[in-house]
Every structure is written in structure tokens, then in C-alpha cells.
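The lines below spell out each chain.
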Amino acid sequence: MIQKLFEKLSSFNETEAIALGGSRAGITYDEKSDYDVYLYVTRPIKEKDRKNLLTEFCGKMEIGNSFWEYEDNCVLKNGIDIDILYRNLDGFEKDIESVVKNFSARNGYTTCMWHNLKTCKIIYDKNGRLTALQKRYDCAYPQQLKHNIIDRNMKLLRYGMPAFEGQILKAAKRGDINSVNHRTAEFMASYFDIIFALNNLTHPGEKRLVQLCERDCKLLPNNFAENIYNLFNSLLCPADILAEKLNTIIVELEKIIEINNY
């Protein structure tokens, strides 16, 4: 069924390439794993045309969601979720170039799109552009990018005036639980961005990061997983306890940065 769906998606004149991402692009998926499908188009495909096509394959659909990227979120008739994300290949290429060639660091998740490109399974490529792009960026991790990610995100963790550590503790002292939760999520986004950069690894996204780091990263702070769990377990504790857990995570991260001359 999924192969037939791919064939029909590729029949749209606007379709330039189709790629499969997430676990389905590798070897770790099972029969219940979701499908993350990236449709690169030269111009938007009409919603009514997409809906007519997807009705044949899906029992439930939300067409044209734009909470993150522009996408159709569906459930196949076999009960498996499928998300179809629509992208412009020129814009995607410019985003990758900004990171890999121009060394632009972000507030967390800097290399996610590069990771998506490197690890996706190309299903259809009308003119070979996506394949060529994937080959072009199958390259060594730029050391200037590593430096920029570490510098920017360490400032966000502690050393910039608007650093997340200070924001978290200020919110904790006010008893603002929602703000503590929100700023801690941003803190961890910058933290993991540094971890992957230190290990010359592209960022795989927001899921299973502790397990992926333990599996793939040679450089990890002491008591890596324990310190993260301790931090989250302390979010509702008094501010002085939370401050201690934040300090431990930052200090242990700084140690491996210093040891490796970054």
C-alpha cells in the first residue's frame, strides 16, 4: 500500500522528490512505526487534489496543517500514522548551506535538517537534485561550526545575560512552574546541541536523545543520564536544590569541553 501511495504522490507534476525519514529510513523500525514522508515540490499541490489522493489510503486525515512545517497528518487504513511534509528544495538547500558552509549556529537543534538530509531514504528523485544534495553534504563535520554551536549555546546555558539558567532559577523563586518547565526545555535543547557538536554528530531531533547519546557519543559528561534525570526530578523542588542540579550539568559539560580544547 505504501509503495502505491508513493507512486501516486510522485505522479503530481509539482513533485520533485520524495524521501522517507525517521526510523522507517533505517533498520530499527517495526510494523507499528510511523511514516515520516518529505515531499519536495516545485510549487504547492492543491489541497483538494491531495485529499482526493489520500482518501484512497487513509482512514483519518488533517490536510494542510502548519503547526511546524506545512504537512498533511494522516492515519493509514492499516492503522499506522503517516505525516507528509511539503518542502521547497531550494529553500531546504539554503538552510543546509547556512549551517554546513556558513557555520551558522542556532538556539539548539542546529544540525537537525542536515541530519534529515544525510539519513533520509530517497524514494523518488525526478531530476536527481535531492540525491546530488545528499552526496554534496555527505562531508566531515566543520570544526568552525562545532566552535560556533558550543560558543552560542554555552552563552544560552549560563554565560549570556539572558541565559536559561538564570531564567529558570528566577521562575523557580517566583513559583512559576510553567516558566520553569518552558525554560528547562530550552536549556536542554542547547545542552544537547553542544553534546552532538562535541561528538561531530548531526542532531537527530527531539526523541530518545539520552539513549542515542549513550549509544553514539564517545564524549559525554560524567554521570550524563543521572544528572539529567536528577534535574527533571528537581523541577518542583526549592530553587536552591534546582540550582545545584543545573550547576552540576553545566560544570560536567564544561569539563569535557575544556578537556577537548573547545
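Residues numbered from 1 in each chain as written. Predicted model: local features only at pLDDT ≥ 70, side-chain atom pairs only at ≥ 80, totals over all residues. Heavy atoms only, no water.

Colleague: Would you mind going over the environment of E258 with me for this structure?
Modeller: Relative to the elements of secondary structure, E258 occurs in helix α11 (residues 239-259). Each C-alpha atom of the pair E258 and H203 lies 22 Å from the other, and the pair is 55 residues apart in sequence. (Helix = DSSP H or I, 4+ residues; strand = E, 2+ residues; numbered from the N terminus.)

Colleague: It is not clear to me how the packing of aromatic side chains should be interpreted in this structure. Could you clarify?
Modeller: Here a ring pair, both rings aromatic, is described through the centre-centre distance and the interplanar angle of the planes. Using the criterion set out here, one finds seven aromatic pairs in the structure. Taken together, a centroid distance of 5.6 Å and an interplanar angle of 45° make the contact between W114 and Y141 tilted. Of this pair, W114 sits in helix α4 (residues 112-119) while Y141 sits in the loop between α5 (129-136) and α6 (143-159), and the two are 27 residues apart along the sequence. Residue W114 is classed as buried on the basis of its relative accessible area, which comes to 2%. We classify Y141 as buried; its relative accessible area is 9%. Pairwise contacts between aromatic rings join Y191, F192 and F224 into one cluster. (Phe/Tyr/Trp six-rings, centres within 6.5 Å; stacked < 30°, edge-to-face > 60°. Buried < 20%, exposed > 50% of the residue type's maximum accessible area, 1.4 Å probe, protein only.)

Colleague: Looking at this structure, how should I read the sheet that holds strand β4 (residues 71-76)?
Modeller: In a beta sheet, neighbouring strands pair by backbone hydrogen bonds and run either parallel or antiparallel. Within the open sheet, the six strands sit side by side as β3-β4-β5-β2-β1-β6. Their pairing is mixed. Two strands in the sheet have a free side with no partner beyond their single neighbour: β3 (58-65) and β6 (121-125). Averaged over all adjacent pairs, the angle separating strand axes in this sheet is 15°, with direction ignored. The pairing of β4 with strand β5 (residues 81-87) spans five bridges and is classified as antiparallel. In the sheet register, N73 faces β5, and the bridge partner there is D83. (Pairing = 2+ DSSP bridges. Axes fitted to C-alpha atoms, helices over the stretch in contact; angles between N-to-C directions.)

Colleague: Would you mind showing me how to read the pattern of salt bridges here?
Modeller: Where charged atoms of side chains with opposite charge meet at close range, the side chains can pair. Scanning the entire structure with this criterion turns up 13 salt bridges. The salt bridge involving K8 is made with E56; its shortest N-O contact spans 2.8 Å. With K8 in helix α1 (residues 2-10) and E56 in the loop between α2 (47-55) and β3, this residue pair connects regions lying 48 residues apart in the sequence. What makes K8 partly exposed here is its relative accessible area of 31%. (Salt bridge = Lys/Arg side-chain N within 4 Å of Asp/Glu carboxyl O.)

Colleague: What is the right way to look at helix α7 (residues 164-174) in this model?
Modeller: Counting along an α-helix, one turn takes 3.6 residues, and residues three or four places apart therefore face a common direction. Along α7, the residues classified as buried are F164, E165, I168, L169 and A171. Across the axial projection of α7, the buried residues extend over an arc of 160°, all falling on one side. Across α7 from its buried face, at more than 90 degrees, point the exposed residues K170, K173 and R174. One or two positions beyond α7, positive phi appears at G175, with a value near 75°. (Arc of directions from axis to C-beta.)

Colleague: Help me understand α6, please; the structure alone is not making it clear to me.
Modeller: All of the buried residues in α6 are L145, K146, I149, I150, N153, M154, L156 and L157. The buried side chains of α6 occupy one side of the element, clustering within an arc of 160° when seen end-on. Here the buried face of α6 lies against α3 (89-100), α4, α7, α8 (177-198) and α11. (Contact = heavy atoms within 4.5 Å.)

Any link to function would need more than the numbers given here.
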